[in-house]
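Chain and residue survey
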Amino acid sequence: MQTPNAPVSRNFSGHYDQARARFLEAASARGAAIESEVLPGLRGARGEELAIDTAWIGGSGARKVLVVSSGTHGPEGFAGSAAQLALLQDQELLQRAQRAEVTLLLVHAVNPYGFSHLQRTNEDNVDLNRNHIDFGRPLPANPVYAELEPLLIPAQWPPGPADRQELQQWIEGHGMPAFRKAVTAGQYTSPDGVFYGGTGPSWSNRTLRALLRRHAGAATHLGWVDIHTGLGPYGHGEKIYAGRPLEQDHAMARAWWGADLFAPFAGDSVSADVSGPVVTVACDECPGARLALMGLEFGTVEQDEVLGCLRAHAWMRRHPEAPQELRDELNRRMRDAFCCDSDEWRGMVLGQTRVALLQAVQGLGTS
């Protein structure tokens, strides 16, 4: 994606507004068909318009579609947007897609509110990767979360010694796997808690569904790479299978991306087995397609720091009186937890994403 000796950070933006403008400019220069769905009634941290922007590269009525999405979890969009910008500048990869008759659908900022305001959740504090479920059925139960929430979001921030000790005692008594599952799998009972999935389809959910029906409803084969950050070893891009637990879908995805495509439902992924990932909308909206769905997750900092940032932001929502100095510090830590400020890390993100996209183009081209 990079020309020789080009600064690897050139595709990384400083804020959502800049990332959006650069994406739209690059997509226009590439001759893509561009659509923008504006989030109604809300503005960004800099007063800017918020939108899900899409770039369609290829013919209409496409049978083979590769979706590349960014910003599902707000500030994770810095890395995803950079990868999309690099793709739009990657003549060789785009030519490969054209020869393979693969149409590209780039979805920029699935969660524009969170991207702009530096929060993982959306405008309603909904974690979009817990929101794409069937709300006509009973909501997934997570009773252990209710027990843990007072320990996760204490009355004061940072937590005092007694709060830290009580949480540590819970973990020692129940084990770290039980703790991580209860906290991160998703919960549907506490609207101002962490990893909240909502009580109905979010605006982003509804918008994505309409986009897929319009652009990829006739697809026979669809691949999807949703770019994430914040879990796993520094700079390593774990390939996480996010599709249905169907042998034919899983086998096709492994044929494309290799044996190191891990599945949360099999217990071998850094990610919890969550309910309602964004990419699963393809299961409903592209019913005639074979699907290969993947979350590409890049490690950043230690997991305690990442979770600490999410807990701190939940605390801030409950405490609007918090001093501005503290809020600024917590926002800075949130950004740093999801986008590392080093050419080394950024190069690892762009390089591994390019490999995954090449593999997807090759897989679609031979399907």
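These lines cover the structure that appears in this document, whether it is placed above or below. (Residues numbered from 1 in each chain as written. Predicted model: local features only at pLDDT ≥ 70, side-chain atom pairs only at ≥ 80, totals over all residues. Heavy atoms only, no water.)

Brief notes about the packing of aromatic side chains
Which entries qualify depends on this criterion: Pairing of aromatic side chains requires ring centres within 6.5 Å, counting the rings of Phe and Tyr and the six-membered ring of Trp. Pairs whose planes differ by under 30 degrees are stacked, by over 60 edge-to-face, and all others tilted. The numbering of helices and of strands both runs from the N terminus, where a helix is a DSSP run of H or I of at least 4 residues and a strand a run of E of at least 2. Think of it in three bands: with a 1.4 Å probe and only protein chains considered, a residue is buried below 20% of the maximum accessible area for its type, exposed above 50%, and partly exposed in between.
Summed over all chains, the structure comprises five aromatic pairs. Judged by centre distance (6.5 Å) and plane angle (55°), the rings of Phe-12 and Trp-345 are tilted. On the criterion of sequence distance, the pair formed by Phe-12 in the segment before helix 1 (16–29) and Trp-345 in helix 13 (residues 343–365) is long-range, its members being 333 residues apart. Among the residues examined, Trp-345 registers a relative accessible area of 0% and is labelled buried. Ring centres of Trp-256 and Trp-257 lie 5.4 Å apart, and the angle between their planes is 75°; on these two criteria the pair is classed as edge-to-face. Looking at Trp-256, the relative accessible area reads 8%, which means it is buried. When its relative accessible area of 1% is taken as the criterion, Trp-257 is described as buried. Members of the aromatic cluster, joined through ring pairs, are Tyr-16, Phe-78 and Phe-115.

Looking at the side chain of Thr-72
Rule in force here: Under the rule applied, a polar contact is a pair of N or O atoms within 3.5 Å (in protein, one hydrogen donor and one hydrogen acceptor; residues adjacent in sequence only if both atoms are side-chain atoms). The contact criterion used is simple: two residues touch if any of their non-hydrogen atoms lie within 4.5 Å.
The topology assignment puts Thr-72 in the loop between strand 3 (64–69) and helix 2 (77–88). Of note is the side chain of Thr-72, whose polar atom sits 3.2 Å from the side chain of Asp-226. Apart from residues lying up to four places away in sequence, Thr-72 is in contact with Val-110, Asn-111, Arg-120, Leu-128, Asn-129, Asp-226, His-228 and Val-278.

Quick look at the pairing of strand 2 (residues 51–57)
Using the following cut-off: At least two bridges found by DSSP between two strands are what make those strands a pair.
Summarising burial for strand 2: seven of the seven residues are buried, a large majority. Of the two faces of strand 2, both are covered, the one formed by Ala-51, Asp-53, Ala-55 and Ile-57 as well as the one formed by Ile-52, Thr-54 and Trp-56. Note: strand 1 (residues 33–38) against strand 2, six bridges, orientation antiparallel. Counted as the bridge partner of Glu-35 is Thr-54 from strand 2.

Some remarks on unusual backbone geometry
In this chain, Trp-157 is followed by Pro-158 through a cis amide linkage whose omega measures 0°. Relative to the helices and strands, Pro-158 is located in the loop between helix 5 (143–152) and helix 6 (161–174). At Phe-195, a position not held by glycine, the phi torsion is positive, near 55°. Position of Phe-195 relative to the elements: it lies in the loop between helix 7 (176–184) and helix 8 (203–216). A relative accessible area of 6% places Phe-195 in the buried class.

Here we look at the sheet that holds strand 6 (residues 237–241)
Spatially, the eight strands line up as an open sheet ordered 1-2-4-3-5-8-6-7, and their pairing is mixed. A single partner strand is all that each edge strand has here, and the edge strands are strand 1 and strand 7 (261–262).

Thoughts on empty space enclosed by the protein
Keep this limit in mind: Using a grid of 1 Å spacing that covers the protein atoms alone, one calls a set of points a cavity when a 1.4 Å probe fits there but cannot get out, and a pocket when the set is open and has protein on both sides within 12 Å along at least five of seven lines; lining residues are those with an atom within 4 Å of a point. Grid points are joined across faces, edges and corners, and a volume is the space filled by probe spheres set on the points. All amino acids are sorted into three groups, where Ala, Val, Leu, Ile, Met, Phe, Trp, Tyr, Cys and Pro are nonpolar, Asp, Glu, Lys and Arg are charged, and the leftover types, Gly among them, are polar.
Across all of its chains, the model carries one cavity of 30 Å³ or more by this definition. Within this model, the largest cavity holds a volume of roughly 90 Å³. Around the largest cavity, the lining residues are Arg-120, Thr-121, Asn-125, Asp-127, Gly-193, Val-194, Phe-195, Leu-310, His-313, Arg-317 and Met-334. Here the element with the most residues in the lining of the largest cavity is helix 11 (residues 303–318); it accounts for three residues. Class assignment of the residues belonging to the lining of the largest cavity gives a composition of four nonpolar, four polar and three charged.

Notes on the packing of helix 6 against helix 7
For clarity, the cut-off: Fitted lines through C-alpha atoms give the axes, limited to the stretch in contact for helices. The angle between two N-to-C directions lies from 0 to 180 degrees. Under this scheme an angle from 65 to 115 degrees is roughly perpendicular, one under 35 degrees roughly parallel, and one over 145 degrees roughly antiparallel; angles in between are oblique.
Running from N to C, helix 6 and helix 7 cross one another at 115°; their axes reach a closest spacing of 6 Å. By the angle between their axes, helix 6 is roughly perpendicular relative to helix 7. Between helix 6, through Leu-167, Trp-170, Ile-171 and His-174, and helix 7, the contact on the second element is made entirely by Met-176, Ala-178 and Phe-179. Taken together, the residues that form the contact of helix 6 with helix 7 break down as six nonpolar, one polar and no charged.

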